[in-house]
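Below are the chains, spelled out letter by letter.
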Amino acid sequence: MPVSLLWAVDVRGRVYRLSTGGQQWEQCHDTKLEFKRVTAATQCCWGIACDHNIYLNVHASDLSIRYQEETYENQRWNPVDGFSERLLPSDRWQWSDVAGLVHQPLDSFDLPSSGWEWEADWYADENFEAEPTEKGGWTYAMDFPATYTKDKKWNSCVRRRRWLRYRRYKARDSWAKIPSAQSALPDPVSDISCGGWEISEEPRGRLSLWAVSLQGKVWYREGIQHHNPEGSSWTEVPVPGEVVQISCGPGELVWAVLWEGQLVVREGIGRDCPSGGSWIGGHWVVGGGYGVWDTGWGVWFRRGVNSHNPCGTGWIGMVGEMIMVNVGLNDQVWALGSAERGLYQRQGVTASELSGKAWRALSAPRDSERSHSSASTSSLHSAGCFFTGEVRGQSAASDADSDIERERAASGGSPVPATSDLLSDRPGAGGPSAAGLPAQEEDGQPGPPPPPTTTTSSCAPAPGLSSSQSRGPLWSNVDLEETQSQPDPVVEGAPGWAGPDRADTCSLSSVVTYSLALEEEPYGEDGPPMWAWVSGGGCHVLSFPWTALVQSVQSMSLSISPGQTAAWHQQILEQLGQRSKREMENFKHYEQAVEQSVWVKKGTMQWWRDWKPHKWVDVRFALEQFSGPDGNKDGILFLYYNFNEEKKYLHAFVNEVTIFVPVLNDAKHTFAIYTAERTKQRWPIRLAASTELEMHDWLALLSVSCCDSRGIQGPPSKQAIWSVTCRGDIFVSEPSPALEALPYPTPCEQMFWRQVGGHLRLVEGNSVGVVWGIGYDHTAWVHTGGYGGGIFQGLASSTDNIHTQTDVKSVYIYENQRWNPVSGYTNRGLPTDRYMWSDASGLHECTKTHTTTPSPHWTWVSDWAVDYGVSEGTDREGWQYAADFPASYHGYKTLKDFVRRRRWARKCKLTTTGPWQEVPPIALSDVSILPCAAQSSVEVVPLWAISNKGDVLCRLGVTTLTPAGSSWLHVGTDQAFKSVSIGGASQVWAIARDGSVFFRGSVSTCNPAGECWYHIPSPPKQKLKQVSVGRTSICAVDENGNLWYRKDVTPSYPQGSSWEHISDNVRKVSVGPLDQVWIIADKVQGSHGLSCGTVCHRLGVQPLDPKGQSWDYGIGGGWDHVSIRGNSMDPPRICLPSLTDQSVPARGVPHPAQDPEGANGSAGGC
């Protein structure tokens, strides 16, 4: 999991942050600012300083924040001057926006704040619709506005060109003030809250920031997104009264507290209206995803809150007293104690138990007191955070305590908190409103709590206090140094003490009145941390990662030093080594036992019958495994079935099986068994188990048996070929030296594939053992060098370097409608139309109710929502229009459009295990590693990647010992990219999202990022989508499935001259370090029809014929990715026999199914 931050402000106004992978609180040493409060998100933190100005702290990252400014220069032709700046009065401005309506000269663009800087000067864009333009970047048309082309014609009377300039945000890891001229807030701010990153289909990186002024007005910050972290302007939001505090959750809900104590909820928040529409009555203060909490010294949880019921159903009282509470990511709850102002986390908060179970104190040293923490006997330190006992001396959090607490809440009784005997000196502390639960309502629901205090916003009376008792100032300016030197002797050290002036009325100050009452403890001169505010909006934890260490740390003596611990570990290792050596030497003279036995496993399954009519029939399945005298293992698979009341069987030798692979099937738990012959026929043995667990057990057993029979053990080799199915299952094959031999290479159907644990969308590697993968959620993973996990979990060979892996993918369904002249677009289609709720093809009915996850191992993590990210574009409601089904869709309506559709998406999550370790924090969409030679001595391996936002990145520090690398280097581009590949001689080729091709010049070991991009013309009338670069060969695939080869690439002219077509029906291509070409092909002919997603190998590739001759078809269909970039074994040289010598048989001749005439034909053979 990526490292995230917990933010807090102490009583002196200093801001600290605690990393989930750190050891101490780190102070933000930036300026001498003192802050009142902060609100955090994953990528940034906002704060209110004591000068009442708003500041922003954006986390440092290897990926820079860049914003593109653009303007257009327009010219018209006249017979005297030619093209000039002299335009007609009815024309657009000489410098304008793309529509020509706004005047935008170059000198009108200014930096929005001091946190930005210009990258370079203005320059003309010489790229137009994925094609390079003439020098200068001009595009031509007959008039304004019209359709522009890059070629000048006889009737081209106007022209324009686009000018670009980039600005970069430089204020990273520092507090940047939002300029007052930009913010335009009429009065100072007293409270802020950020959220909104989970608003349905909101663009990633978009945030909502809400602010409350001292006059009780509410403001919303417009335009906060990844490329503009400061936002653009403030918009006032009307409120039903004067607001004192506001809280914004990650989704569509915003909560606010009025001065009168009334709580209101903002509704109508969505993608098109992020600031919402109106306010409705509510009852809470601080909200998370679906967890809402309130503090009035006592703590209250609002249950039943969701997007459909924003007001919830009732309150539940919690044991303990807090002055503020904050809900962070995953509904984790953070709070500050009312007495000692310590930091607490709510334990046991899950999706099914949002109220949690108990409070636990969180204690960690600050960086200024690190030198004192080792001698402290009052805190426990671990590799991360420090947990002490429950708040107010509760011994241990248990489910029983939580159940008793909920029973008392349901019965309306008042729980007796552990602090009741410490609160007798507080006014009203003995009443139920101060420490107990609300009275039972008539309908059986708990009654509302007392009017909520605004502890989080610094003003409102505590519950249980009379009006006369709450007139004094609760907040006032104090001299902290004087208070520290003159503590109150009466209340010093009392655990339930809250200050002599706590019942006073409010003022506009920002510091709470209390006595510091420091004891002589080794925390440094500042004393123990006393917090004034906490924000967990950027702290991503399901449960604190250090919770498992608490008891073990507490049971250890605090007097043990790190040196003693290291010596202790060394002593244990030496003793274990001596014992192992002693036990092995005593039995060296014994003869090794060889088992010669037969082992059989039987079961019942269903089999998809080979002949028509095809259907599922019940069969008995058995694996018979035996060991020979030499210790070699082998086995036979038997499948017993009945045909015409006659018992028959199929069998296959284990050493002839090439792969066991799970198969997508909505109704059954299916897997397929391939042999070499069945691979050529595209017709495997398909079996269905009764449960998914049984299927995984059989797959693990069968895979291990096949590996034993072939003598394959341990992790994949450095030369391995990697592939990924459309399910996300990962397979690896160990290539033979004869795989690329000429003229008779090893046929692809004889390759053996074994599964590797994990779940990924693509895998790339090279011959030095560096292997990276990318999941469906764009998370990057690096191979740890292990083997196992997944279906092999629990086996003895699946223990080393295995980690937990998660992946998130979206399931899509389509809503289809047809237009009629009476009611417009409706879900009433023609009898020949597709289903009104269907998949992308329209052939299968898919409704929201009946659409399930890909398998039981996946769980839904979101609701159905309209997907606006369709490549062809959508309108404001997500619809795409076309003349008929199926057709070419577009995101706008015309008079000829009689049908429309929109895509709905729902996210699901998978948790599995595998030999993969996450590489945070940047999400990737593509990755490429330099394909090295077999005996390469390269120390630092070049690795390039594309982020999910389209940024080009170069990974630094990648070696065989540190395959994850150290940091990212951002490579500047003029547009978003989608594919990148690095090949021999550090050739880097990339493809932009508009299909244009670029070559990166001057890339070397000393200059890993290169110097500049060169625009390469695409194939005629084609847009490329993927590129792969080998030692000298460059191949690319376009959006129509055509495979192209770049001609005349030489060291002196690495850009090449032109593109040559090789094949069609190609999904992806991989070019290896020996210029081998492998693809994923569609429409491959089999014995029972066409197969999509087949691994294919290009035959006849050699230096004199780099395009090859024909295709050799391997495993498939259902494959989505293949990588040959690790196979750098030189093929053996084979001497061809004489054609006249009949005594020497020809060996290794491929199956005659290969079409020698298909040199440049279809990869699918059609």
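What you see is a predicted model; the values in this text were computed from it and never measured. (Residues numbered from 1 in each chain as written. Predicted model: local features only at pLDDT ≥ 70, side-chain atom pairs only at ≥ 80, totals over all residues. Heavy atoms only, no water.)

Asker: Tell me what's going on with the overall build of the protein, and back it up with residues and numbers.
Answerer: Per the secondary structure count, the protein includes nine helices and 72 strands. In the protein, which comprises 1166 residues, the proportion classed as buried is 53%. When contacts within the protein are restricted to residue pairs at least 6 apart in sequence, those whose partners lie at least 24 apart make up 59%. Surface summary for the protein: the accessible area is close to 53000 Å², and the carbon and sulfur share equals 52%. (Helix = DSSP H or I, 4+ residues; strand = E, 2+ residues; numbered from the N terminus. Buried < 20%, exposed > 50% of the residue type's maximum accessible area, 1.4 Å probe, protein only. Contact = heavy atoms within 4.5 Å. Areas by Shrake-Rupley, 256 points an atom, 1.4 Å probe, with all protein chains shown as cover.)

Asker: So what's going on with the packing of aromatic side chains? Which residues, and what values?
Answerer: This structure, assessed with the given rule, holds 33 aromatic pairs. Taken together, a centroid distance of 6.1 Å and an interplanar angle of 55° make the contact between Phe638 and Tyr649 tilted. Highlighted residues: Phe638 in strand 35 (residues 633–643) and Tyr649 in strand 36 (residues 646–653), separated in sequence by eleven residues. Judged by its relative accessible area of 15%, Phe638 falls in the buried class. Among the residues examined, Tyr649 registers a relative accessible area of 47% and is labelled partly exposed. Grouping aromatic residues by their ring pairs yields a cluster made of Trp7, Phe35, Tyr55 and Trp175. Positioned above the aromatic ring of Tyr812, the side-chain terminus of Arg903 is 4.0 Å from the ring centre. (Phe/Tyr/Trp six-rings, centres within 6.5 Å; stacked < 30°, edge-to-face > 60°. Lys NZ or Arg CZ within 6 Å of the ring centre and 35° of its normal.)

Asker: Describe the UniProt feature "domain: Peroxin/Ferlin" (unreviewed entry) in the protein, with residues and values.
Answerer: Here the UniProt feature "domain: Peroxin/Ferlin" (unreviewed entry) sits at residues 64–125, 137–170, 806–867 and 878–911. Along residues 137–170, the helical share is 0% and the strand share 44%, with 30 Å between the first and last C-alpha atoms. Split by type, residues 878–911 is 0% helix and 50% strand. Its first and last C-alpha atoms lie 31 Å apart. (UniProt positions renumbered as here; feature names shortened; annotations may be inferred.)

Asker: Describe the pattern of salt bridges, naming the residues involved and giving the relevant values.
Answerer: All told, the structure shown has 28 salt bridges when counted by the stated rule. Between Glu70 and Arg162 there is a salt bridge, with the nearest N and O atoms lying 3.0 Å from each other. Placement of the pair is Glu70 in strand 7 (residues 66–78) and Arg162 in strand 15 (residues 158–169), with a sequence separation of 92 residues. A relative accessible area of 27% means that Glu70 is categorised as partly exposed. (Salt bridge = Lys/Arg side-chain N within 4 Å of Asp/Glu carboxyl O.)

Asker: Requested: an account of the nonpolar core, with residues and values cited.
Answerer: One broad rule of soluble globular proteins: the nonpolar side chains tend to lie buried together. Membership of the largest hydrophobic core comes to 40 residues, with the highest contact counts inside it found for Leu637, Ile673, Leu687, Trp722 and Trp916. A per-element tally of this core places helix 9 (residues 692–710) first, with seven residues. Formed by 36 residues, the second largest nonpolar core is a distinct cluster that contains Leu63, Ala780, Phe998 and Trp1013. (Core = buried A, V, L, I, M, F, W, Y, C linked by side-chain atoms within 4.5 Å.)

Asker: Could you give me a rundown of the sheet that holds strand 54 (residues 924–929), with the residues and numbers involved?
Answerer: With antiparallel pairing, four strands are arranged side by side in an open sheet as 54-55-56-57. Edge positions in the sheet fall to strand 54 and strand 57 (967–971), since each of these pairs with one other strand and no more. Looking at each pair of strands side by side, their axes are set apart by 30° on average, direction ignored. Pairing of strand 56 (residues 952–956) with strand 57, which is carried by five bridges, proceeds in the antiparallel orientation. In the sheet register, Cys954 faces strand 57, and the bridge partner there is Leu969. (Pairing = 2+ DSSP bridges. Axes fitted to C-alpha atoms, helices over the stretch in contact; angles between N-to-C directions.)

Asker: Break down the sheet that holds strand 43 (residues 762–765) for me, with residues and values.
Answerer: The antiparallel open sheet is built from four strands, whose spatial order is 43-44-45-53. The open sheet is flanked by strand 43 and strand 53 (916–918), the only strands paired with a single partner. Averaged over all neighbouring strand pairs, the angle between strand axes comes to 30°, with direction disregarded. The pairing of strand 44 (residues 771–774) with strand 45 (residues 780–783) spans three bridges and is antiparallel. Opposite Trp772, over in strand 45, you have Val782 as the bridge partner.

Asker: Please provide a residue-by-residue account of the pairing of strand 66 (residues 1066–1071), values included.
Answerer: Counting buried positions along strand 66 yields five of six residues, so the element is predominantly enclosed. Pairing geometry for strand 66 and strand 67 (residues 1077–1081), over five bridges, is antiparallel. Pairing of Ser1070 across the sheet is with Trp1078, part of strand 67. Connecting strand 66 to the next strand, strand 67, in antiparallel fashion are five residues, including Asp1075 with a positive phi near 65°.

Asker: Kindly report on the confidence of the model for the protein, identifying the contributing residues and their values.
Answerer: For the protein, mean pLDDT is 78; residues scoring 70 or higher make up 77% of the total. Scored below 50 in pLDDT, residues 1143–1166 makes 51 contacts in the model with residues more than four places away or belonging to other chains. (pLDDT = per-residue confidence, 0-100.)

Asker: Outline helix 9, supporting the account with residue identities and numerical values.
Answerer: For helix 9, with 19 residues, the first-to-last C-alpha span of 27 Å sits near the 27 Å given by 1.5 Å per residue. Along helix 9, the positions that sit buried rather than exposed are Glu692, Met695, His696, Trp698, Leu699, Ala700, Leu702, Ser703, Ser705, Cys706, Cys707 and Ser709. Gly711, located one to two residues past helix 9, shows a positive phi value of around 70°. (Expected span 1.5 Å × (residues − 1).)

Asker: Explain the pairing of strand 35 residue by residue, including any values.
Answerer: A regular strand carries its side chains on alternate faces of the sheet. The pairing of strand 34 (residues 616–627) with strand 35 spans eight bridges and is antiparallel. Among the inter-strand pairings, Phe621 is bridged to a residue of strand 35, identified as Leu639. As paired elements, strand 35 and strand 36 share eight bridges and run antiparallel to each other. Among the inter-strand pairings, Leu639 is bridged to a residue of strand 36, identified as Leu650. Connecting strand 35 to the antiparallel partner strand 36 that follows it, the hairpin turn spans two residues, and Asn644 within it adopts a positive phi of roughly 55°.

Asker: Hey, could you go over a nonpolar patch on the surface for me, with residue numbers and the actual values?
Answerer: There is a patch of nonpolar side chains on the surface, built from Trp568, Ile572, Leu573 and Leu576 and spanning about 410 Å² of accessible area. Residue position: Ile572 is located in helix 7 (residues 562–585). According to the relative accessible area criterion, Ile572 is partly exposed, its value standing at 33%. (Patch = residues over 30% accessible without salt bridge, like charges linked within 9 Å, V, L, I, M, F, W, Y side chains within 5 Å.)

Asker: So what's going on with the environment of Val265? Which residues, and what values?
Answerer: Tracing the chain through its elements places Val265 in strand 23 (residues 263–267). In this structure Val265 comes out as buried when scored by relative accessible area, which is 1%. For the pair Val265 and Cys248, spaced 17 residues apart in the sequence, the C-alpha separation amounts to 10.0 Å.

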